[in-house]
Amino acid sequence: MTLAQRPGSAPAREETTGGVGTTRGGAGASPQRLPSACARVSSPKTMGKLVALTLLGAGLALIGERLMTLRERTNAYREVEPVEPQNCHLIEGLENGSEDIDILPRGLAFISSGLKYPGMPNFAPDEPGQIFLMDLNEQNPRVQALNISDGFDKASFNPHGISTFIDKDQIVYLYVVNHPHMESTVEIFKFEEQQRSLVHLKTIKHELLKSVNDIVVLGAEQFYATRDHYFTNFFLVLLEMVMDLRWTYILFYSPREVKVVAKGFISANGITISPDKKYIYVADVLDKNIHVMKKHDNWDLTQLKVIQLGTLVDNLTVDPDTGDILAGCHPNAIKLLMYNTEDSPGSEVLRIQNALSEKPRISTEYANNGSVLQGSSVASVYQGKLLIGTVFHKALYCVL
Ligand SMILES: [Ca+2]
Ligand SMILES: [Ca+2]
């Protein structure tokens with residue numbers, strides 16, 4: 001109700017001075033009518049209604065504005081232009097995701113598969129996750145699921161980001177972000193190449209190791225890990241995204257010290273290290289960028305620059321021959337969240353050359369509208385061979 005609706009109220013010019021009944025009303029108001037009109041407008045009940053309506057309007061406007069921001073942030077209107085190398089084929093045996101890929105210097109690729117992640121599609125919800133191996137030195141490389149040693153709970157294995165580490169004795173360790181029962185742990189495995197198996201050594205848990213997405217190992221039991229959400233409840237996660245809270249961070253973990261080394265990300269995701277080990281690259285998936293961070297002797301990180309990519313950046317790897325960053329990206333995240341086979345989410349791989357220079361060069365290595373590959377999350381190269389993994393779909397092998 002407004003003053004203009006009152007019988008016998010003053011002209012519009014004067015109504016403004018009446019406000020919502022907090023003043024004595026307009027100069028031209030009739031002395032007889034004024035007290036009753038003011039009494040009606042300023043009654044506690046009406047005031048309450050007006051305040052409630054105002055708050056509701058402001059709330060709806062804020063939600064509307066936030067949702068628009070989120071649609072923009074998730075590239076809800078973007079369609080991808082195809083960029084497809086000639087010599088690519090889907091990898092047989094990888095049907096339920098290949099979220100992260102890490103290739104050893106000698107061409108053995110580890111692939112994490114079967115991720116169950118809130119809000120993301122999953123084609124095999126009852127099957128535990130697996131780690132696959134692919135030898136890129138072979139003429140026609142095939143994947144093989146690695147056996148995991150007894151004593152590890154394989155039924156709840158839900159592998160996410162991975163990172164390899166080779167010690168001074170050339171023993172290969174695979175560190176895996178795991179979400180058993182939707183929690184976050186880091187599992188350390190020793191790779192037995194002859195047996196094609198993983199021997200479970202240790203499960204790392206810590207109160208700061210929550211909602212972990214990816215890790216990069218720096219030494220024995222020393223790693224950086226990204227946290228992609230602050231809340232664990234799915235609806236609070238949505239609220240976190242809508243309200244742009246930026247409460248996620250990068251954690252440094254070692255047996256002696258655990259600390260947050262960088263924060264302020266909307267959703268910190270993929271993480272990797274430069275070939276000279278001096279810089280850390282981190283993807284903020286919802287901010288559509290890569291942060292280039294300098295690593296200090298005490299493991300702290302300071303931000304040097306941010307490279308905006310305009311696409312939702314998931315995992316990062318480095319081309320060992322050139323030092324270029326390869327980014328597995330989601331061109332349109334709404335299609336990923338509202339999965340529909342008729343309008344499936346696409347895939348996009350970007351190459352960032354000279355990331356430390358004034359003007360990094362960004363080029364598209366691969367892009368597809370989802371007709372071939374859906375929801376690309378990682379790309380990794382070895383001697384002219386490119387592997388592209390996905391959150392829940394297949395994986396692609398290309399000879400460049
Ligand atoms: Ca990784
Ligand atoms: Ca990721």
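Cut-offs applied
- Residues numbered from 1 in each chain as written.
- Chains lettered and ligands numbered in written order.
- Predicted model: local features only at pLDDT ≥ 70, side-chain atom pairs only at ≥ 80, totals over all residues.
- Heavy atoms only, no water.
- UniProt positions renumbered as here; feature names shortened; annotations may be inferred.
- 1 Å grid on protein atoms, 1.4 Å probe; cavity = no way out; pocket = protein on both sides within 12 Å on 5 of 7 lines; lining within 4 Å.
- Helix = DSSP H or I, 4+ residues; strand = E, 2+ residues; numbered from the N terminus.
- Buried < 20%, exposed > 50% of the residue type's maximum accessible area, 1.4 Å probe, protein only.
- Contact = heavy atoms within 4.5 Å.
- Polar contact = N/O pair within 3.5 Å; in protein donor to acceptor, adjacent residues only side chain to side chain.
- Points joined across faces, edges and corners; volume = space filled by probe spheres on them.
- Nonpolar A, V, L, I, M, F, W, Y, C, P; charged D, E, K, R; others polar.
- Expected span 1.5 Å × (residues − 1).
- Patch = residues over 30% accessible without salt bridge, like charges linked within 9 Å, V, L, I, M, F, W, Y side chains within 5 Å.
- Areas by Shrake-Rupley, 256 points an atom, 1.4 Å probe, with all protein chains shown as cover.
- Salt bridge = Lys/Arg side-chain N within 4 Å of Asp/Glu carboxyl O.

- In the annotation of an unreviewed UniProt entry, the chain is listed under the name Paraoxonase and assigned to Monodon monoceros.
- Quoted straight from UniProt, the Subunit (unreviewed entry) entry for the chain says "Homotrimer."
- UniProt, in its Sequence similarities (unreviewed entry) section for the chain, records the words "Belongs to the paraoxonase family."

Considering the UniProt feature "glycosylation site" (unreviewed entry) in the chain
- Annotation from UniProt places "glycosylation site" (unreviewed entry) at N315 and N369. Those annotated residues from the list above that line the largest cavity are N369.
- Along the chain, the position of N315 falls in strand β19 (residues 312-318).
- On the accessibility criterion, N315 (0% relative accessible area) is buried.
- Residue contacts for N315: discarding those within four places in its chain leaves E99, D100, N213, D214, N269, G270, L326, A327, G328, S377 and V378.
- If sequence neighbours within four positions are ignored, N369 has contacts with V80, S344, P345 and G346.
- A polar side-chain atom of N369 sits 2.9 Å from the main-chain amide nitrogen of S371.

Quick word on empty space enclosed by the protein
- As enumerated under the stated definition, the model contains three cavities of 30 Å³ or more in all.
- One number sums up the size of the largest cavity: a volume of about 60 Å³.
- Contributing to the lining of the largest cavity are R78, E79, V80, P331, N332, K335, S344, G346 and N369.
- In terms of residue class, the lining of the largest cavity is built from two nonpolar, four polar and three charged.

Looking at helix α3 (residues 44-73)
- For α3, which comprises 30 residues, the first-to-last C-alpha distance of 42 Å matches the rise-based estimate of 44 Å (1.5 Å per residue) to within 8%.
- Three or more residues of α3 are buried, namely T46, L50, R66, T69, L70 and R73.
- Two residues or fewer past α3, N75 is found with a positive phi of approximately 55 degrees.

Considerations on a nonpolar patch on the surface
- A contiguous nonpolar patch, built from L53, L56, L60, I63 and L67 and spanning about 490 Å² of accessible area, is present on the exposed surface.
- Locating L56 in the fold gives a position in helix α3.

A short note on the UniProt feature "active site" (unreviewed entry) in the chain
- Per the UniProt entry, the sites bearing "active site" (unreviewed entry) are H160 in this numbering.
- Inspection of the secondary structure puts H160 in strand β7 (residues 159-166).
- Its relative accessible area of 1% is what places H160 among the buried residues.
- Ignoring anything within four residues of it in the chain, the contact list for H160 reads E99, D100, S112, L115, Y117, V176, V177, H179, V212, N213 and D228.

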